[in-house]
Amino acid sequence: MTGAARPARKAALPWYREVSPTQWKSFFAAWIGYVLDGFDFVLITLVLTEISAEFELSTVQGASLISGAFITRWLGGAVLGALGDRFGRKASMVASILLYSLGTFACGFAWDFTSLFVARLLIGMGMAGEYSASATYVLESWPARVRGRASGFLISGFSMGSVLAAECYKWVVPALGWRWMFYIGLLPIVVALWVRRALPEAEEWSATVAERETKPNPFRPLFSTPLRATVNTVLTVVATLALFGVFTPVGAGAVPVLSVLSGVTLAALAVQLGGRRGWLLYLSLIVTVFVAFLYTWPIQALLPTYLKTELHYSPGQVTNVLFFAGFGTMAGCWLAGFIGDWIGAQKAYAFTLLASLVFVFPVFAAGDNLLVLGVLLFVLQALSFGISGLLPRYIGGHFPTESRAASLGFTYNVGALGGAVAPVLGATLAEGRSLGSSLALLTFAGTVLVVLLVGFDVPARLNRLLDPDAPRDHLAAEESAVAGAGPAARVQQGA
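On a predicted model such as this, the values are computed, not experimentally measured, just so you know. (Residues numbered from 1 in each chain as written. Predicted model: local features only at pLDDT ≥ 70, side-chain atom pairs only at ≥ 80, totals over all residues. Heavy atoms only, no water.)

## Details of the overall build of the chain
And then number 1: The secondary structure content of the chain amounts to 25 helices and 0 strands.
And then number 2: A buried classification covers 56% of the 495 residues belonging to the chain.
And then number 3: At a minimum sequence separation of 6, the contacts of the chain that also span at least 24 residues come to 83%.
And then number 4: Of the roughly 19,800 Å² that the chain leaves accessible, carbon and sulfur atoms contribute 69%. (Helix = DSSP H or I, 4+ residues; strand = E, 2+ residues; numbered from the N terminus. Buried < 20%, exposed > 50% of the residue type's maximum accessible area, 1.4 Å probe, protein only. Contact = heavy atoms within 4.5 Å. Areas by Shrake-Rupley, 256 points an atom, 1.4 Å probe, with all protein chains shown as cover.)

If you want it as structure tokens, here you go:
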């Protein structure tokens with residue numbers, strides 16, 4: 001009777017007590033990293049009009065500064081993700097925080113468009129590494145049953161960072177100028193040093209490395225022979241230069257050709273990393289994330305510009321609206337975590353995005369009524385951008401532990417090029433219509449496409465065509481494996 005009662009009491013525990021104090025500590029460290037990541041990344045959207053005025057930039061040129069951080073994300077996600085697979089999630093987190101902090105600090109010293117654009121490239125690399133390292137770190141530390149919550153709660157930190165950035169904008173820019181917003185970007189380095197000193201390594205990664213007695217090398221397929229290493233190095237350089245040409249005046253007149261060239265080279269790398277059985281999974285996840293950024297980033301990137309140029313809001317009013325949007329996204333991330341654990345990430349994604357479609361056009365029809373606009377934005381961001389809190393859980397479940405950080409970092413951040421396209425596309429469409437209607441159109445169309453891709457489970461269905469025996473959810477399967485390797489199991493194996 002006593003033995004039978006114990007499992008019942010364990011099952012009755014509140015979910016937050018299933019997470020140990022050490023696991024909570026790991027989560028909050030990663031969450032703070034995301035807060036500072038969000039703070040650093042959205043600074044450019046807040047001061048875009050001030051920068052454009054000082055450097056005499058057009059709307060499209062200003063939007064390309066937002067795009068700059070996305071150009072190097074694929075490379076940062078892959079390299080820092082591989083670092084996390086090889087040497088541990090914690091080392092990758094520290095390197096990522098240092099990189100985006102230094103890039104943000106450098107933005108404050110920019111003297112023209114090109115220098116600021118280069119600093120944004122560094123921020124993109126660091127942000128990409130932070131996403132993959134922190135996501136895998138938390139997911140592999142928390143119990144499987146609450147990993148949806150781990151994912152949603154973690155991503156909410158980005159929104160908190162954007163809210164803090166908006167508050168700083170209201171006080172710092174009018175008094176000290178836009179450059180001081182970037183000087184503050186050195187603060188995350190303190191967090192990086194604390195993470196390096198105080199945190200343990202992710203449990204699942206440590207268990208996998210100990211079991212296999214070797215450290216993973218997710219880039220082995222790219223450098224297995226001298227010829228392949230040379231070819232893939234060339235492909236990496238070509239992809240980077242092509243993307244630079246697409247989003248800067250350097251490539252003027254050749255954007256269609258450069259876009260195709262960058263797409264082909266990145267697809268070639270994805271096919272090799274995925275291998276004979278996984279290449280279709282890699283490509284389909286990249287497309288899914290690309291479209292997801294097309295629906296989230298038009299508003300995320302150009303909302304402050306819309307508020308200041310079309311609604312003529314003051315800095316204080318812009319901050320108030322961004323509070324509504326930021327806290328709406330945070331609430332959506334928290335909600336996504338619970339719904340994802342309840343009905344699964346796939347269904348949660350599809351149903352929540354369908355509900356968000358009701359609010360897209362009303363947001364841009366609210367006019368200058370700040371309260372109505374704020375409430376509508378809160379709901380829209382909760383249901384649309386907030387559900388992206390499940391992306392780490394959704395993508396990470398497709399990959400095993402030994403390659404998860406690099407695979408998640410590569411597929412997510414190549415797909416994140418949709419975020420580079422979104423603001424430029426929105427600004428370009430606005431040349432023939434209002435910016436508000438352009439943002440609404442892009443958001444609505446992108447949302448419908450993501451509902452179809454995720455709702456019908458397209459990446460997993462395509463993957464099963466080549467790999468019928470692939471686990472439906474690696475994160476759930478590996479949690480069971482780690483649990484099964486407890487003390488009792490090890491004694492039994494020794495016997």
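## Describing unusual backbone geometry
And then number 1: Although it is not a glycine, Glu56 adopts a positive phi angle of roughly 55 degrees.
And then number 2: When you line up the elements, Glu56 lands in the loop between helix 4 (48–55) and helix 5 (59–71).
And then number 3: Here Asp457, not a glycine, exhibits a phi torsion of approximately 55 degrees, which is positive.
And then number 4: Turning to its location among the elements, Asp457 is positioned in the loop between helix 22 (435–455) and helix 23 (458–466).

## Describing the pattern of salt bridges
And then number 1: This structure, assessed with the given rule, holds 6 salt bridges.
And then number 2: Among the salt bridges present, the one from Lys170 reaches Glu167, with a minimum N-O distance of 3.7 Å. Of this pair, Lys170 and Glu167 both sit in helix 9 (residues 147–176), 3 residues apart, roughly one helical turn.
And then number 3: Between Asp467 and Arg277 there is a salt bridge, with the nearest N and O atoms lying 3.1 Å from each other. Of the two residues, Asp467 sits in the loop between helix 23 and helix 24 (474–484) while Arg277 sits in helix 14 (residues 255–309), which places them 190 residues apart along the sequence. (Salt bridge = Lys/Arg side-chain N within 4 Å of Asp/Glu carboxyl O.)

## Some thoughts on helix 23
And then number 1: For helix 23, the full list of buried residues reads Pro459, Ala460 and Asn463. End-on view of helix 23: buried residues confined to an arc of 90 degrees, all on one side of the axis. Among the exposed residues of helix 23, those oriented more than 90 degrees off its buried face are Arg461 and Leu465.
And then number 2: Of the surrounding secondary structure, the elements contacted by the buried residues of helix 23 are helix 14, helix 19 (391–396) and helix 22. (Arc of directions from axis to C-beta.)

## Some remarks on the confidence of the model for the chain
And then number 1: Summary statistics for the chain give a mean pLDDT of 81 and a share of 89% for residues scoring 70 or more.
And then number 2: Confidence drops under a pLDDT of 50 for residues 1–10, and excluding neighbours within four residues, the segment shows 0 contacts in the predicted structure.
And then number 3: Residue range residues 485–495 is modelled with pLDDT below 50. Its contacts to residues more than four positions away, or to other chains, number 2 contacts. (pLDDT = per-residue confidence, 0-100.)

## Things to note about the packing of aromatic side chains
And then number 1: Summed over all chains, the structure comprises 24 aromatic pairs.
And then number 2: With a centroid separation of 5.6 Å and 55 degrees between ring planes, the pair formed by Trp15 and Phe153 is classed as tilted. Of this pair, Trp15 sits in helix 2 (residues 15–18) while Phe153 sits in helix 9, and the two are 138 residues apart along the sequence. Grouping residues by exposure puts Trp15 and Phe153 together as buried.
And then number 3: Aromatic rings pair up to connect Trp15, Trp24, Phe27, Phe28, Trp142, Phe153 and Phe338 into one cluster. (Phe/Tyr/Trp six-rings, centres within 6.5 Å; stacked < 30°, edge-to-face > 60°.)

## So, the nonpolar core
And then number 1: Counting 130 residues, the largest nonpolar core has Ile51 and Phe410 as its most contacted members.
And then number 2: For this core, the element with the most residues is helix 14, which contributes 22 residues.
And then number 3: In this structure, Phe410 is in contact with Trp74, Gly77, Ala78, Leu266, Leu269, Ala270, Leu273, Tyr282 and Ile286, ignoring residues within four places of it in sequence. (Core = buried A, V, L, I, M, F, W, Y, C linked by side-chain atoms within 4.5 Å.)

## Description of the packing of helix 15 (residues 315–343) against helix 16 (residues 345–356)
And then number 1: Two numbers describe how helix 15 lies on helix 16: the axes approach to 7 Å, and their chain directions differ by 125 degrees. With respect to helix 16, the element helix 15 is oriented oblique. Helix 15 and helix 16 meet at a crossing whose hand is right-handed. Contacts between helix 15 and helix 16 involve Ile339, Gly340 and Ile343 from the former and Ala345, Lys347, Ala348 and Phe351 from the latter.
And then number 2: Looking at the contact of helix 15 with helix 16, its residues break down into 5 nonpolar, 1 polar and 1 charged. (Axes fitted to C-alpha atoms, helices over the stretch in contact; angles between N-to-C directions. Parallel < 35°, antiparallel > 145°, perpendicular 65-115°, else oblique. Left-handed = near helix turned anticlockwise from the far one by under 90°. Nonpolar A, V, L, I, M, F, W, Y, C, P; charged D, E, K, R; others polar.)

## Regarding a nonpolar patch on the surface
And then number 1: A cluster of nonpolar side chains, namely Val271, Trp279, Leu465 and Leu466, defines an oily patch on the protein surface of about 330 Å² accessible area.
And then number 2: Counting residues per element, the ones that place at least two in the nonpolar patch are helix 14 and helix 23.
And then number 3: On the secondary structure map, Trp279 appears in helix 14. (Patch = residues over 30% accessible without salt bridge, like charges linked within 9 Å, V, L, I, M, F, W, Y side chains within 5 Å.)

## Points about the environment of Gly157
And then number 1: For Gly157, the position within the fold is in helix 9.
And then number 2: With 119 residues separating them along the chain, Gly157 and Gly38 place their C-alpha atoms 7.2 Å apart.
And then number 3: What Gly157 contacts, discounting residues up to four positions off in sequence, is Trp31, Tyr34 and Val35.

## Some words on the packing of helix 3 (residues 21–46) against helix 5
And then number 1: Direction vectors running N to C along helix 3 and helix 5 enclose 155 degrees, while the axes themselves pass 9 Å from each other. It follows from the interaxial angle that helix 3 and helix 5 lie roughly antiparallel. From helix 3, Phe41, Ile44 and Thr45 reach across to helix 5, where they touch Leu65, Ile66, Ala69 and Phe70.
And then number 2: When the residues that make up the contact of helix 3 with helix 5 are grouped by side-chain class, the tally is 6 nonpolar, 1 polar and no charged.

## Comments concerning helix 16
And then number 1: For helix 16, built from 12 residues, the straight-helix expectation of 16 Å at 1.5 Å per residue is met to within 8% by its first-to-last C-alpha distance of 16 Å.
And then number 2: Next to the buried residues of helix 16 lie helix 14, helix 15, helix 17 (360–363), helix 18 (370–383), helix 19 and helix 22. (Expected span 1.5 Å × (residues − 1).)

## Overview of the side chain of Ser162
And then number 1: Structurally, the position occupied by Ser162 is in helix 9.
And then number 2: A distance of 2.6 Å separates the side chain of Ser162 from the backbone oxygen of Ser159, its partner in a polar contact.
And then number 3: Apart from residues lying up to four places away in sequence, Ser162 is in contact with Gly38, Phe39, Val42 and Gly326. (Polar contact = N/O pair within 3.5 Å; in protein donor to acceptor, adjacent residues only side chain to side chain.)

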